[in-house]
Protein chains: 2
Amino acid sequence: MRVLVLGGDGYLGWPTALHLSDSGHEIAVVDNFARRGYDTELGSQSLVPIEDLDVRVAAWQEVSGREITSYVGDLLDAEFVYSVVREFRPDTIVHFAEQRAAPYSMIDREHAVYTHHNNVIGNLNVMYAIAEIDPEIHLVKLGTMGEYGTPNIDIEEGWIEIEHNGRSDRMLYPKKPGSFYHLTKVHDSHNIEFGCRIWGMRATDLNQGVVYGQTTDQTTRDPRLATRLDYDSVFGTVLNRFIIQAVLGQPLTVYGKGGQTRGMLDIRDTVECLRLAVENPADRGEFRVFNQMTESYSVKQVAELVAETFPGPVQIDYLENPRWELEEHYYNVKHTGLVDLGLKPHLLSDTLIESLFPIVEENKHRVDNDLMFPKVKWASAKN
Amino acid sequence: MRVLVLGGDGYLGWPTALHLSDSGHEIAVVDNFARRGYDTELGSQSLVPIEDLDVRVAAWQEVSGREITSYVGDLLDAEFVYSVVREFRPDTIVHFAEQRAAPYSMIDREHAVYTHHNNVIGNLNVMYAIAEIDPEIHLVKLGTMGEYGTPNIDIEEGWIEIEHNGRSDRMLYPKKPGSFYHLTKVHDSHNIEFGCRIWGMRATDLNQGVVYGQTTDQTTRDPRLATRLDYDSVFGTVLNRFIIQAVLGQPLTVYGKGGQTRGMLDIRDTVECLRLAVENPADRGEFRVFNQMTESYSVKQVAELVAETFPGPVQIDYLENPRWELEEHYYNVKHTGLVDLGLKPHLLSDTLIESLFPIVEENKHRVDNDLMFPKVKWASAKN
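Note that the structure is predicted; figures quoted are calculated from it, not measured. (Residues numbered from 1 in each chain as written. Chains lettered and ligands numbered in written order. Predicted model: local features only at pLDDT ≥ 70, side-chain atom pairs only at ≥ 80, totals over all residues. Heavy atoms only, no water.)

## Looking at the overall build of chain A
Line of reasoning, step 1. In terms of helices and strands, chain A carries 12 helices and 14 strands.
Line of reasoning, step 2. Since a compact globule built from 383 residues should have a radius of gyration of about 21 Å, the 20 Å found for chain A is in line with a globular shape.
Line of reasoning, step 3. In terms of its C-alpha atoms, chain A occupies a principal-axis envelope of roughly 65 × 55 × 40 Å.
Line of reasoning, step 4. In chain A, which comprises 383 residues, the proportion classed as buried is 64%.
Line of reasoning, step 5. Contacts in chain A between residues at least 24 apart in sequence constitute 81% of all its contacts with a sequence separation of at least 6.
Line of reasoning, step 6. As presented, chain A carries roughly 13,300 Å² of accessible surface, and 47% of it is formed by carbon and sulfur atoms.
Line of reasoning, step 7. With 36 positive and 57 negative side-chain charges, chain A shows a spacing of 2 Å between the two charge centroids. (Helix = DSSP H or I, 4+ residues; strand = E, 2+ residues; numbered from the N terminus. Rg over C-alpha atoms; globule rule 2.2 N^0.38 Å. Buried < 20%, exposed > 50% of the residue type's maximum accessible area, 1.4 Å probe, protein only. Contact = heavy atoms within 4.5 Å. Areas by Shrake-Rupley, 256 points an atom, 1.4 Å probe, with all protein chains shown as cover. Lys, Arg positive; Asp, Glu negative; His and termini not counted. Charge placed at Lys NZ, Arg CZ, Asp CG, Glu CD.)

Set out below in structure tokens:
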């Protein structure tokens, strides 16, 4: 299949492009390097050095013999989006190309507006390109488990059968997300579901959990293929950040009581979920939703797991929670859709955590400690 | 109270400003005249001639002795929004200032993107102005009954108690809107609910039905105070459009079978609902939702009602439906919140319909027949 990976230079977009290429698909990536730009803005960088996209693509051709086409441009530029779709003629568009950090979206008005503009309008341009050029194209869109929030009932996969006053309907699962970033993904989901109704679009919305890990079967074939590893309080996600803190001898920073429970998955499962979604497209007119996660852990459990695994002393600090979130709540998520397609999850084991220790150790001179402490507070409109 | 009416030059914003002023409140209106600009773009105009905002404001001062302050500017200009809020220091912000036509949002990509940008980002700027300048300000936001779509269960007021697998939660009512315009209102609702959680905003979301009528107790006091009356297929809403078609001797154009049922209300009830919401603010942190409608009618029933009332022959044409919507469906809406605050509805009676006949008769030379036929098709991404 011909697969266009939007955001193909990012943390997960790049390993996904490699995994799909390795599986025999024809791949092109699109990126505007916004993620690298956020590093410049925030004074942060990936813990593991990453190469420029052209070096990455050349290295992949060297080790695999397979070509990846790259297009550099912005999804806000509709002419660019249309021209790429016309030229590459994808069967599938995998859409990772959104601003993905909740704290970044909560810095202030400008960042909330930027995140809305970039994510929602970029996604609309992609939807219209599909509708106008080739409605057969399957859109595989990255959402987030954070769209659901933490309801007091089971979380279903996107749709829920609701019985009310003696009648019933299959309805979109009600969303109550916890940041402006997460809200943009909710907006995208609503827009895409509508596109499926009016244009017969075929779409898969992947509500992804917190991803951990940094290596896949493809990225380890050459150091130039490495993907990024973020540890800062804005873009670093919880498990990766705790592992880095442990190796650095810093306390693990749990927000609040740490009872916040989240769905998680290994980066190797992310790329495999993407392959399964791509190779098993949604039907025309179908808005298909998968909860892309394999296990649930509370933040406190994750901290304790890292502390137990690390071969040295580890301190756990409980900081005042900068976010608005429930710290004790029910959390039971259905996530059978991808397993039904054949996903064999890598469960969070000592092996994964231990495998990250040497990677962090090797690069710990690159860490800026100041970046690990959370400075963006949800209650403040201007941080 | 000091009330800032955003979109105060529009079809409902202007009569609302007058009604609130007449009720003793201090009023300022904000507008960028976008609605007048759409007329220029589409080659349409209000059936009833309307005056410029400065003439309207002067006329109101003449007949009532009361002053209305006006600010001309765009909600996309955050500096402008902040400066108006700082200068006028409102207790309440009534927010009508969004692109409000479903067909306009469905013309093509540019119009869908414009509607998202204008509505969602404009609303974010208002939310941030409140959060940064004065979180005590009550936001009264115009939503639409179209956010809900036509579910097979009762439509509650914004929130629904869901029982699922033996557990329950009070959740946001699931939305399934029927156009990109309606989707932007869904996005706004989600964003505002989040603002109530993180900043303790106080907000009332008014999910308004289809408004009919053109006169209120205030607008009739001077012809210069008239509000607009739209008959074109883009901005004209169903009942007003049918009345105009009847007077012109044209067939009433029902889309599809006409079984589409919608909540409706008289323009005099709209302005009264706004007064009730303003004078009874939501609590800090409360996201309060009212379904602002008084009766439900199918499009076919509305056509038949107009045909029966008009003192001459009326033909009803059933056109191919340009929209994506169910033409036969369950529709039962709870709308007790505003009645509990004291609303005494004007139900759709012969009186209202008949009162519009002479208004249309007097202005029928201004009609461009071509504009009444629907040209924007939902299934087409480029109209």
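## Re the environment of L338 of chain B
All names here are of chain B.
Line of reasoning, step 1. Relative to the elements of secondary structure, L338 occurs in helix α11 (residues 337-340).
Line of reasoning, step 2. Assessed through its relative accessible area of 2%, L338 is described here as buried.
Line of reasoning, step 3. Here the alpha-carbon distance between L338 and L142, two residues 196 residues apart in the chain, equals 14 Å.
Line of reasoning, step 4. Leave out the neighbours within four places in its chain, and L338 touches L206, C273, L276, F290, N291, Q292 and L343.

## Topic: the packing of aromatic side chains
All names here are of chain B.
Line of reasoning, step 1. A complete count under the given rule lists 24 aromatic pairs over all chains for this structure.
Line of reasoning, step 2. Ring centres of Y104 and F235 lie 5.8 Å apart, and the angle between their planes is 50°; on these two criteria the pair is classed as tilted. Here the residue Y104 occupies a position in helix α5 (residues 102-105), and F235 occupies one in the loop between β9 (210-212) and α8 (238-248), the gap between them amounting to 131 residues. F235 carries the same exposure label as Y104, and that label is buried.
Line of reasoning, step 3. Considering the side-chain rings of Y148 and Y173, the 5.3 Å spacing of their centres and the 90° angle between planes classify their relative orientation as edge-to-face. Residue Y148 is located in the loop between β5 (138-144) and β6 (159-164), and its partner Y173 is located in the loop between β7 (167-172) and α7 (180-199); the two are separated by 25 residues in the primary sequence. (Phe/Tyr/Trp six-rings, centres within 6.5 Å; stacked < 30°, edge-to-face > 60°.)

## Some thoughts on the relation of the copies chain A and chain B
Line of reasoning, step 1. Superposing chain A onto chain B takes a rotation of 180° combined with a translation of 0.0 Å along the rotation axis, leaving an RMSD of 0.0 Å. With respect to symmetry, the two chain copies, as superposed, fit the operation of a two-fold axis. It is P174 of chain A whose C-alpha, among those of chain A, lies nearest the rotation axis, at 2.5 Å.
Line of reasoning, step 2. Looking at chain A, 100% of its interface residues are interface residues in chain B too, so the copies touch through the same face. (Least-squares fit on C-alpha atoms with pLDDT ≥ 70 in both.)

## Side note on α8 of chain B
Residue and element names in this part refer to chain B.
Line of reasoning, step 1. By the criterion of burial, α8 is predominantly enclosed, with 10 of the 11 residues buried.
Line of reasoning, step 2. Burial in α8 covers these residues: V238, L239, N240, R241, F242, I243, I244, Q245, A246 and V247.
Line of reasoning, step 3. Where the residues of α8 are buried, they touch β9, β10 (252-255), β11 (261-266), α10 (299-309) and α12 (350-363).

## Remarks on the side chain of N240 of chain A
Line of reasoning, step 1. Residue placement: N240 of chain A occurs in helix α8 (residues 238-248).
Line of reasoning, step 2. In this structure the side chain of N240 of chain A is engaged in a polar contact, spanning 3.0 Å, whose partner is the backbone nitrogen of G213 of chain A. (Polar contact = N/O pair within 3.5 Å; in protein donor to acceptor, adjacent residues only side chain to side chain.)

## A short note on the pattern of salt bridges
Residue and element names in this part refer to chain A.
Line of reasoning, step 1. Under the defined criterion, the tally for this structure stands at 54 salt bridges over all chains.
Line of reasoning, step 2. A salt bridge links E361 to K364; the shortest N-O distance between them is 3.0 Å.
Line of reasoning, step 3. Look at E361 and you get partly exposed, because its relative accessible area is 42%.
Line of reasoning, step 4. Here the residues in one salt-bridge network are R35, D39, R100, R228 and D230, joined through shared partners. (Salt bridge = Lys/Arg side-chain N within 4 Å of Asp/Glu carboxyl O.)

## Focus: the interface of chain A and chain B
Line of reasoning, step 1. Every contact between the two is made by 59 residues of chain A and, on the other side, 59 residues of chain B.
Line of reasoning, step 2. Summed over both partners, the interface of chain A with chain B comes to about 5,300 Å²; 66% of that surface belongs to carbon and sulfur atoms.
Line of reasoning, step 3. Counting every contact that joins chain A to chain B gives zero salt bridges.
Line of reasoning, step 4. Across the chain A-chain B interface, the total number found is 22 residue pairs in polar contact (both at pLDDT 80 or more).
Line of reasoning, step 5. Sorting the residues of the side of chain A that touches chain B by element identifies α4 (78-88), α6 (109-133), β6 (159-164), β7 (167-172) and α7 (180-199) of chain A as the ones contributing at least two each.
Line of reasoning, step 6. No other element matches α6 of chain A, which puts 13 residues into the side of chain A that touches chain B.
Line of reasoning, step 7. Across the side of chain A that touches chain B, the residue classes tally to 31 nonpolar, 14 polar and 14 charged. (Buried area = accessible area lost by both parts, 1.4 Å probe. Nonpolar A, V, L, I, M, F, W, Y, C, P; charged D, E, K, R; others polar.)

## Some points on unusual backbone geometry
Leave glycine aside and you will find that most residues have negative phi; peptide bonds, for their part, are mostly trans.
All names here are of chain A.
Line of reasoning, step 1. The residue R89 is not glycine, and still its phi comes out positive at about 50°.
Line of reasoning, step 2. Tracing the backbone through its elements, the reader meets R89 in the loop between α4 and β4 (92-95).
Line of reasoning, step 3. Its identity as a non-glycine residue notwithstanding, N165 has a phi of 50°, on the positive side.

## Observations regarding the sheet that holds strand β3 (residues 68-72) of chain B
Residues and elements named next belong to chain B.
Line of reasoning, step 1. Strand order in this open sheet of seven strands is β3-β2-β1-β4-β5-β8-β12, and the pairing throughout is parallel. Whereas interior strands pair on both sides, the edge strands pair on one side only; in this sheet they are β3 and β12 (287-292). On average, each strand axis in the sheet is tilted by 20° relative to the strand beside it, whichever way the strands run.
Line of reasoning, step 2. As paired elements, strand β2 (residues 26-31) and β3 share five bridges and run parallel to each other. From the neighbouring strand, V29 faces β3, where its bridge partner is S70. (Pairing = 2+ DSSP bridges. Axes fitted to C-alpha atoms, helices over the stretch in contact; angles between N-to-C directions.)

## Looking at a negative patch on the surface
Residues and elements named next belong to chain A.
Line of reasoning, step 1. Residues E304, E308, D350 and E354 make up a contiguous surface patch of negative charge.
Line of reasoning, step 2. Only α10 (299-309) and α12 (350-363) provide two or more residues apiece to the negative patch.
Line of reasoning, step 3. Locating E354 in the fold gives a position in helix α12. (Patch = residues over 30% accessible without salt bridge, like charges linked within 9 Å, V, L, I, M, F, W, Y side chains within 5 Å.)

## Comments concerning the nonpolar core
Line of reasoning, step 1. L4 and F180 of chain A together with L4 and F180 of chain B are the most contacted members of the largest nonpolar core, which has 126 residues in total.
Line of reasoning, step 2. Apart from residues no more than four positions distant in its own chain, F180 of chain B is found in contact with L124, M127, Y128, N191, F194 and W199 of chain A together with S105, M106, A112 and H116 of chain B. (Core = buried A, V, L, I, M, F, W, Y, C linked by side-chain atoms within 4.5 Å.)

## What about the pairing of β6 of chain A?
Residue and element names in this part refer to chain A.
Line of reasoning, step 1. Across six bridges, the pairing between β6 and β7 is antiparallel. Directly across from I162, in β7, lies its bridge partner D169.
Line of reasoning, step 2. The loop that links β6 with its antiparallel partner β7 comprises two residues; one of these, N165, has a positive phi angle of about 50°.

## Description of the confidence of the model for chain A
Line of reasoning, step 1. When pLDDT is averaged along chain A, the result is 97, and 100% of the positions lie at 70 or above.
Line of reasoning, step 2. With a pTM of 0.98, the predicted complex shows an ipTM of 0.98. (pLDDT = per-residue confidence, 0-100.)

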